[in-house]
Amino acid sequence: MTVISEPVFEAALAYFLSPIGALMADETVREVMINGADQVFIEQGGELKLSDAKFNDEEQLMAAVRNIAQYVGVHLKEDVSRFDARLPAGHRVHVVLPPVARQGVSVTIRKHSKSSFGLPELVKLGSISEESTGFLRSAMVKEQNMVIAGGTGTGKTTFINALSALIPNTDRIVTIEDAAELQLEQEHVVSLETRAPDRRGMGAVTIRDLLHSSLRMRPDRIIVGECRGGEALDLLQAMNTGHGGSMSTVHANSPIETLRRLETLALFSGEDIPLRFLRAQVASAINVVVQLQRLGGKRAVAAISEVLPLTSDGEYQVRDIYLYDYNDNELKRVAEAGFESAPH
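A brief look at the structure comes next. (Residues numbered from 1 in each chain as written. Predicted model: local features only at pLDDT ≥ 70, side-chain atom pairs only at ≥ 80, totals over all residues. Heavy atoms only, no water.)

### A few points about the pattern of salt bridges
Counting across every chain of the model gives 18 salt bridges. We note a salt bridge from Glu-31 to Arg-110, for which the minimum N-O separation is 3.2 Å. Of this pair, Glu-31 sits in strand S1 (residues 29–35) while Arg-110 is found in strand S6 (residues 106–110), placing the two residues 79 residues apart along the sequence. Residue class for Glu-31 comes out buried when judged on its relative accessible area of 10%. (Salt bridge = Lys/Arg side-chain N within 4 Å of Asp/Glu carboxyl O. Helix = DSSP H or I, 4+ residues; strand = E, 2+ residues; numbered from the N terminus. Buried < 20%, exposed > 50% of the residue type's maximum accessible area, 1.4 Å probe, protein only.)

### What about the sheet that holds strand S10 (residues 221–224)?
One open sheet accounts for 9 strands, arranged S9-S8-S10-S11-S7-S12-S13-S14-S15; its pairing is mixed. The sheet is open, and its two borders are formed by strand S9 (189–193) and strand S15 (330–333), each paired with just one other strand. Going across the sheet, the axis of each strand differs from the next one's by a mean of 25°, ignoring polarity. Pairing of strand S7 (residues 146–150) with strand S11 (residues 247–251), which is carried by 5 bridges, proceeds in the parallel orientation. Considered in S11, the bridge of Val-147 is made with Ser-248. Packing of helix H8 (residues 231–239) onto the sheet brings it into contact with S7, S10 and S11, and relative to S10 it is tilted by some 160°. (Pairing = 2+ DSSP bridges. Axes fitted to C-alpha atoms, helices over the stretch in contact; angles between N-to-C directions. Contact = heavy atoms within 4.5 Å.)

### Brief notes about the sheet that holds strand S3 (residues 47–50)
On the basis of which strands lie adjacent, the open sheet formed by 6 strands has the order S3-S2-S1-S6-S5-S4 and antiparallel pairing. Looking along the sheet, the strands with just one partner apiece sit at the ends: S3 and strand S4 (82–86). The mean angle between the axes of side-by-side strands here comes to 15°, regardless of whether they run parallel or antiparallel. Taken together, the 4 bridges between strand S2 (residues 40–44) and S3 define a ladder with antiparallel strand orientation. Counted as the bridge partner of Phe-41 is Leu-50 from S3. Its contacts with the sheet put helix H3 (residues 58–72) on S1, S4, strand S5 (92–96) and S6, and the angle it makes with S4 is roughly 65°.

### So, the pairing of S11
Most of S11 sits out of view: 4 of its 5 residues are buried. Bridge count for S10 against S11 is 2 bridges, and the pairing is parallel. Residue pairing across strands places Ile-223 opposite Met-247, the latter belonging to S11.

### A few points about the environment of Gly-73
One can find Gly-73 in the loop between H3 and S4. For the pair Gly-73 and Asp-198, spaced 125 residues apart in sequence, the C-alpha separation works out to 6.8 Å.

### Description of the packing of helix H7 (residues 207–214) against H8
A pair of packed helices is captured by two measures, namely the crossing angle of their axes and the spacing between those axes. It is the contact of H7 with H8, at a shortest axis distance of 9 Å, that shows an interaxial angle of 20°. Classified by the angle between their axes, H7 and H8 sit roughly parallel to one another. H8 is crossed by H7, and the crossing has left-handed handedness. For the pair formed by H7 and H8, the contact residues are Ile-207, Arg-208, Leu-211 and His-212 on the first element and Glu-231, Asp-234 and Leu-235 on the second. When the residues that make up the contact of H7 with H8 are grouped by side-chain class, the tally is 3 nonpolar, 1 polar and 3 charged. (Parallel < 35°, antiparallel > 145°, perpendicular 65-115°, else oblique. Left-handed = near helix turned anticlockwise from the far one by under 90°. Nonpolar A, V, L, I, M, F, W, Y, C, P; charged D, E, K, R; others polar.)

### A short note on the environment of Val-290
Take Val-290: it is sitting in strand S12 (residues 288–295). Residue classification places Val-290 among the buried residues on the basis of a relative accessible area of 0%. Here the alpha-carbon distance between Val-290 and Met-146, two residues 144 residues apart in the chain, equals 7.4 Å. Ignoring any residue separated from it by four or fewer positions in sequence, one finds Val-290 in contact with Leu-136, Val-147, Ile-148, Ala-149, Phe-159, Val-301, Ala-303 and Ile-304.

### Describing the environment of Ala-25
On the secondary structure map, Ala-25 appears in helix H2 (residues 21–25). A relative accessible area of 59% means that Ala-25 is categorised as exposed. Considering only alpha carbons, one finds Ala-25 and Leu-267, 242 residues apart in sequence, at a separation of 42 Å.

Written as structure tokens, this is what we have:
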């Protein structure tokens, strides 16, 4: 079997994706959305725009898809209607093929930014206030477990990457991702990445598999790029058993919904856990929820909330520490967190 080097693949991909080459090279373009050969939308400056880019025909677009599939080891057969991929530069790709995609081959490319946004840059962009970064620094030093929550495209990965800079350089950090996007600056970082099954359905390595491995690798902190399944239970248990200051992201629209979402994901593990006990695990494992939203064309922190113990009725409760003031368009302090006055 001939092994093709990554530079050769990069050159081939650049050729097949040449109709959108300028968009891929433009750092201001965050996503490229191909809806058939003659319609390409982009996200730029927080807005969706129809670009002038087009493929000559559906066959030219399909040739690009075949090349991407070859790179990630996907064998395009009649029963393959969609697949995920990561390009050499780190861009995430999702492909949906006809007849599932009714108007033609659909390709969505979420670009991996080469520039790393730190908290100071996010403050300048108005995504977070200077004061609240000090609060997050204190939370990180006191090893509070955090979840970064928000909808699609709210900048969860960017924010968790920026937040990771607050982790002390003395800690051993294990990162677990579907596609390696985190760019940690610390000296002692072990980066783990999932692997899709081969064409025979063998050799898959999941987030949950990697979490099990990470617990045997003596981590001080674990960062999971995104929780979207039963691995949530393993992460909660890790957070509750000595891996303080760990983090992950989750799709949710409020801090309370974040806790409910983690509960639901943990149930996907297949473990038979009484609901009251599971909720207690969630409430004790998660200390802080950072809620992100798209506010107009800007990605911003809408709330930073502390997770409190369950109510007497077994319901989740949170205390908002910072809330976004829509009148003044800024994140404002509204309360003090319990851990701020507690000794480290």
